[in-house]
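Here is how the chains run, residue by residue.
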Amino acid sequence: MYYLENLSPQDFEELCCDILQSHLLIELERFKVGKDKGIDLRCLESDKSKIIIQVKHTPGSYGASHRSSLKKEYTSFLKHKHNPSRYILITSAKLSGENKKEINKIFNGLIKSDKDILGYEFIDDFLRNNPQILKQHYKLWLSNSETVSLILHNKVHGKSEDYLSGLLERKNYFVQTSSFSDGINLLKKKRTLLLLGDPGVGKTFHAELICLYYITKGYDFIYAESIDEAEEVYDKSKLQIFFIDDFMGANFLELFKENTENKILRFINRIQSSNEKYVIFCSRTTIFNSALQRAIHLNEKNIDKKKLILEISHYSNLNKAKILYNHLVYKKLNERYFDIIKNTKIYLDIVKHKNFNPRLVEFITTDELIEDSNDKEYLELVRYYLDHPSEIWHSAFENQLNNENRWLLQTLFTHGGSCEESVLEESFIKRVQFEIKNSNHVPTSSPYINSLKILLNGFVTRTISHSYTKKNTSTTVAVKNPSISDYLLSYFSGNSYLQHNTISSCVYFDQIKHLVKSNIINHCETAKIIDKILKNKLVFKSRKDNSFEEELLGLIFLSNFRIEFKIILELFQKCLSDIGNKNYQLLFDTLEYLINNYSVEFLIKHGLDIKNTFHVMLLNANDLDIIDRLIDDGSLLEFDVKAQFFVSPRKEIINKIYELCELEADVMLADDDDYYRALSPWEVESAADNVKCKLKSRVSDFNFINIEKLETFNINYDDIAIENEMRRNDDFFSSNSREGASDEDIMRVFSK
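Residues numbered from 1 in each chain as written. Predicted model: local features only at pLDDT ≥ 70, side-chain atom pairs only at ≥ 80, totals over all residues. Heavy atoms only, no water.

*Asks:* Explain the overall build of the protein chain to me, please; I cannot follow it from the model alone.
*Replies:* For the protein chain, the count of helices and strands is 40 helices and 13 strands. Across the 752 residues that make up the protein chain, the buried fraction comes to 50%. In the protein chain, the proportion of contacts linking residues at least 24 apart, taken out of those at least 6 apart, comes to 72%. (Helix = DSSP H or I, 4+ residues; strand = E, 2+ residues; numbered from the N terminus. Buried < 20%, exposed > 50% of the residue type's maximum accessible area, 1.4 Å probe, protein only. Contact = heavy atoms within 4.5 Å.)

Here's what the structure looks like:
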């Protein structure tokens, strides 16, 4: 017995479409969103184009409410004069033979036969005989009475019970994606599955669903937090599926203790050598990658190349719409709020919003947000939290952290939200010392260690990586979610006391630069900081290999060059002479500032060697567009770049232009639709020849370039044609399973 009550109207219509396509052996389309005019499904085949199907999701025994609803349906249908050759009614209601006869009378001959009136009994029987349909609708096979019995009587214990008891309640909020079937197929082949993804994308839920699938096949479910726990309950005589969540996460540092890596590999090998066992691991992608770099044995065994990994990255817009719909329907909120979202079509904005994630959807559908809000206020709150998800962090930041915890998080923000732990600790200690001296702060014991422990519970991540080339290990601390940085930015804004204390305790140039880029420090304040640096009243360090001159010039650029001309020119020339360390874009921007604000005579008078400047800039350019701009910049100074460097070019200039032409050819081929779509060798060759012609025109200023000599055009046309065919198949899959949802598809989700 299948409990159709667990399906939303949207779910039920999709189920009926799948059932009837299989039952009638025809292809159906779901009718346009909006008032359906008595049509939910219709046949796409021209010779059967008048088959119309109406879907009614009204679970329970047939009664007066069903009778009234069908009468209205028939009256509405007649108004539109569809005149179908066949009309089929499918409903979730339980129907007897007498019920069908009554329905036939209501439709007054429109339904040609009682066989075209399909009720719950037909659906239940069809699903039992067609398990391939059932697998596409997880809410059904999870709510099947036999499945529920298997779950409730599964021989689980301890933590495993918590997972199973809660899952049946949570299942309605989620949607079935291709990752579920991909995971099943991968697990069948390898008996081991590693699910990767960012926090909140649904790794745990997908793992639980897959585990439930195997429970229905008679497997005992084992939830474990470590390999040791799993080994303790491993039983050769039983069918078992193991689930280890947050693999390499919560106990990340424990992973690298002696023998831990070998334990993992031994357990995986043990599972794969058995016909009665499966294991599923979950891990955040960043944690797994870091562990893989550090864990030598795992790397040597190429665990990432064993084809055990399935990465869950994001949901399609259609699946996002279903997630939102399910939260609105199954949380049993006041229907008024569902109507607000449906009637205003704000769901389109929610689904397409860059900040969409299931956790945010859960927040905007909570009673706490809804209570005491009228319609207008609720919509404003939804839009506000979509645009400012960082505000969700406000309560935790103010109520769960002490001053030292906040200072550590603020210090991390000044480093762009991520930096090496040694740099963070050094910067944080400077901040604490400032507060002790200037705010009478009394520090706690081990302020850095204790604050980091607190922040690791939700605000930051700590990642360890190993460099095999440098033979060292580094640790990076980063905000857990970008919205935390967004919140801190708003927290800094307008708080002059906080800004002063933060600026005064900065250790690195990068910290000041980030505060300027974030508009926390304005141009005038930046100029004052530069003046103090020049007078040695402020001293900052560089995190990179940049010279002091380059760091200072970068800060001057951020101040919009609000500093004395002689200093700018002096720094520019020093950076230009130090080719190995210079920041090309910074030098290019500074050169254009000088050209656009001072005359050629003035620049020459103050010592600018124009020819040498352009020679160095040309030799270090990274694309042809920069060359074009340098030619234009030279003309502003009455300096003919073409005549000086390209008429009788030196070898280094020829090599540079050839290098840039190779890059340009690569880009032009990659961007050419004909080359990308060519499916035969002659089509590939034709497209490549067209790109050559375009490139010849593009580099007409460089007569010394022979396009035919470019390595980029040494193309195997047969190989490219095969690659394009494979890519086309991949793109087709990608567009259907991930991206291909129009506004109409999304609106249809909310139309029922």
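Following the structure, the description resumes.
*Asks:* In this structure, what is going on with empty space enclosed by the protein? I would like to understand it.
*Replies:* Remark: the empty space left among the atoms is shown by a probe the size of a water molecule rolled over them. Inspection of the entire model under this criterion finds 3 cavities of 30 Å³ or more. What the largest cavity holds in volume is close to 70 Å³. Considering the residues around the largest cavity, the lining is formed by K56, T58, Y62, H66, S69, L70, L89, T91, A93, L95 and I103. For the lining of the largest cavity, the elements supplying multiple residues, two or more each, are β3 (51-61), α2 (64-79) and β4 (86-94). For the lining of the largest cavity, a count of residues per class yields 6 nonpolar, 4 polar and 1 charged. (1 Å grid on protein atoms, 1.4 Å probe; cavity = no way out; pocket = protein on both sides within 12 Å on 5 of 7 lines; lining within 4 Å. Points joined across faces, edges and corners; volume = space filled by probe spheres on them. Nonpolar A, V, L, I, M, F, W, Y, C, P; charged D, E, K, R; others polar.)

*Asks:* Can you help me understand unusual backbone geometry in this one?
*Replies:* A negative phi holds for most residues other than glycine; trans holds for most peptide bonds. Look at N440: it is not a glycine, yet its phi comes out positive at around 55°. The residue N440 is located in the loop between α23 (421-439) and α24 (447-455) in this model. For F561, which is not glycine, the phi dihedral falls at a positive 60°. In this fold, F561 is placed in the loop between α29 (548-558) and α30 (565-577).

*Asks:* Which parts of the structure should I look at to understand the packing of aromatic side chains?
*Replies:* Geometrically, a pair of aromatic rings is defined through the distance of the ring centres and the angle of the planes. Evaluated as defined, the whole model comprises 35 aromatic pairs. The interplanar angle of 20° and the centroid separation of 6.4 Å between the aromatic rings of Y584 and F588 together place this pair among those described as stacked. Remark: F588 and Y584 occur in helix α31 (residues 584-597); sequence separation between them is 4 residues, near one turn of the helix. For the pair shown, Y584 and F588 are each scored as buried. (Phe/Tyr/Trp six-rings, centres within 6.5 Å; stacked < 30°, edge-to-face > 60°.)

*Asks:* Which parts of the structure should I look at to understand the confidence of the model for the protein chain?
*Replies:* It should be kept in mind that the predicted coordinates are not to be read in detail where pLDDT is low. Chain-level statistics for the protein chain give a pLDDT mean of 81 and a share of 83% at 70 or above. This stretch, residues 250-261, has a pLDDT under 50; its non-local contacts, to residues over four places away or in other chains, come to 21 contacts. Low pLDDT (under 50) marks residues 729-739, which in the prediction has 12 contacts with non-local residues, meaning those over four places away or in another chain. (pLDDT = per-residue confidence, 0-100.)

*Asks:* Would you mind going over the pattern of salt bridges with me for this structure?
*Replies:* Where charged atoms from two side chains of opposite charge approach closely, those side chains can pair. Counted under the stated rule, the structure contains 28 salt bridges. E592 is the partner of R629 in a salt bridge, and the nearest nitrogen-oxygen pair spans 2.6 Å. Here the residue R629 occupies a position in helix α34 (residues 624-636), and E592 occupies one in helix α31, the gap between them amounting to 37 residues. On the basis of relative accessible area, E592 is assigned to the buried category, the value being 14%. Two residues, K692 and E708, come together in a salt bridge whose shortest N-O distance is 3.3 Å. One end of the pair, K692, is in helix α38 (residues 681-698); the other, E708, is in the loop between α38 and α39 (717-739), and 16 residues separate them in sequence. The exposure class assigned to K692 is buried, which follows from its relative accessible area of 11%. (Salt bridge = Lys/Arg side-chain N within 4 Å of Asp/Glu carboxyl O.)

*Asks:* What is the right way to read the state of the cysteines from this model?
*Replies:* Across all of its chains, the model carries 0 disulfides by this definition. Free of any disulfide, C16 has its nearest cysteine sulfur in C17, 8.8 Å distant. Assessed through its relative accessible area of 0%, C16 is described here as buried. (Disulfide = S-S within 2.5 Å.)

*Asks:* Please clarify how the pairing of strand β7 (residues 220-224) should be interpreted in this entry.
*Replies:* Counting buried positions over the 5 residues of β7 gives 5, a clear majority of the element. Neither face of β7 is exposed, since D220, I222 and A224 on one face and F221 and Y223 on the opposite face are all buried. Bridge count between β7 and strand β8 (residues 240-244): 5 bridges; the pairing is parallel. Across the sheet, I222 pairs through a bridge with F242, a residue of β8. (Pairing = 2+ DSSP bridges.)

*Asks:* How should I be thinking about the pairing of β3 in this particular structure?
*Replies:* Along any regular strand the residues' side chains alternate between the sheet's two faces. Examined bridge by bridge, strand β2 (residues 41-43) and β3 share 2 bridges and lie antiparallel to one another. Bridge pairing in β3 places L41 opposite I53. As paired elements, β3 and β4 share 8 bridges and run parallel to each other. Of the residues in β4, the one forming a bridge with I51 is R86.

*Asks:* Explain the environment of S439 to me, please; I cannot follow it from the model alone.
*Replies:* Among the secondary structure elements, S439 is positioned in helix α23. Since its relative accessible area comes to 27%, S439 is described here as partly exposed. Spatially, the C-alpha atom of S439 lies 9.5 Å from that of N501, the residues being 62 residues apart in sequence. The residues touching S439, leaving out its near neighbours within four places in the chain, are F434, Y497 and N501. For S439, the side chain forms a polar contact with the side chain of Y497, separated by 3.1 Å. (Polar contact = N/O pair within 3.5 Å; in protein donor to acceptor, adjacent residues only side chain to side chain.)

*Asks:* I would appreciate a short explanation of α23 in the present structure.
*Replies:* Since the α-helix advances by 3.6 residues per turn, residues separated by three or four positions end up pointing in the same direction. Over its 19 residues, α23 runs 26 Å from end to end, which matches the ideal 27 Å to within 8%, given 1.5 Å per residue. Three or more residues of α23 are buried, namely E421, V423, L424, S427, F428, R431, V432, F434 and E435. Looking straight down α23, one finds its buried side chains confined to an arc of 165°; they lie on one side. One or two residues past the end of α23 sits N440, with phi positive at roughly 55°. (Expected span 1.5 Å × (residues − 1). Arc of directions from axis to C-beta.)

*Asks:* Would you take a moment to explain a negative patch on the surface for this structure?
*Replies:* Residues D671, D673, D674 and E683 make up a contiguous surface patch of negative charge. Within the secondary structure, D673 sits in helix α37 (residues 673-677). Judged by its relative accessible area of 44%, D673 falls in the partly exposed class. (Patch = residues over 30% accessible without salt bridge, like charges linked within 9 Å, V, L, I, M, F, W, Y side chains within 5 Å. Areas by Shrake-Rupley, 256 points an atom, 1.4 Å probe, with all protein chains shown as cover. Lys, Arg positive; Asp, Glu negative; His and termini not counted. Charge placed at Lys NZ, Arg CZ, Asp CG, Glu CD.)

*Asks:* Sorry if this is basic, but what is going on with α2 here?
*Replies:* For α2, with 16 residues, the first-to-last C-alpha span of 23 Å sits near the 22 Å given by 1.5 Å per residue. Of all the positions in α2, only H66, L70, E73, Y74 and F77 are classed as buried. Taken around the axis of α2, the buried residues stretch over an arc of 100°, which confines them to a single face. More than 90 degrees from the buried face of α2, the exposed residues found are A64, S65, K72 and K79. Contacts made by the buried residues of α2 are with β3, β4 and α3 (97-106). Immediately downstream of α2, the backbone of K81 shows phi near 50°, a positive value.

*Asks:* Help me understand the packing of helix α22 (residues 403-414) against helix α27 (residues 509-517) in this model?
*Replies:* The interhelical angle for the contact between α22 and α27, taken along N-to-C directions, is 85°, at an axis separation of 8 Å. Classified by the angle their axes make, α22 and α27 are roughly perpendicular. Across the interface between the two elements, T411, F413 and T414 of α22 pack against D510, Q511, H514 and L515 of α27. Its residues assigned to classes, the contact of α22 with α27 shows 2 nonpolar, 4 polar and 1 charged. (Axes fitted to C-alpha atoms, helices over the stretch in contact; angles between N-to-C directions. Parallel < 35°, antiparallel > 145°, perpendicular 65-115°, else oblique.)

*Asks:* Would you mind showing me how to read the side chain of N319 here?
*Replies:* Tracing the backbone shows N319 in helix α15 (residues 317-330). Overall, the relative accessible area of 10% leaves N319 in the buried class. If we skip the residues at most four places from it in the chain, N319 touches V175, Q176 and T177.

*Asks:* How should the packing of helix α33 (residues 610-619) against helix α36 (residues 651-671) be read in this particular structure?
*Replies:* To characterise two packed helices, one gives the angle between the axes of the helices and the distance between these axes. The geometry of α33 relative to α36 is characterised by a closest axis approach of 9 Å and an angle of 40° between their N-to-C directions. Comparing their axes, α36 and α33 come out oblique. In this structure, α33 uses H615, L618 and L619 to contact α36, whose residues at the interface are E652, I653 and K656. Considered class by class, the residues forming the contact of α33 with α36 number 3 nonpolar, 1 polar and 2 charged.

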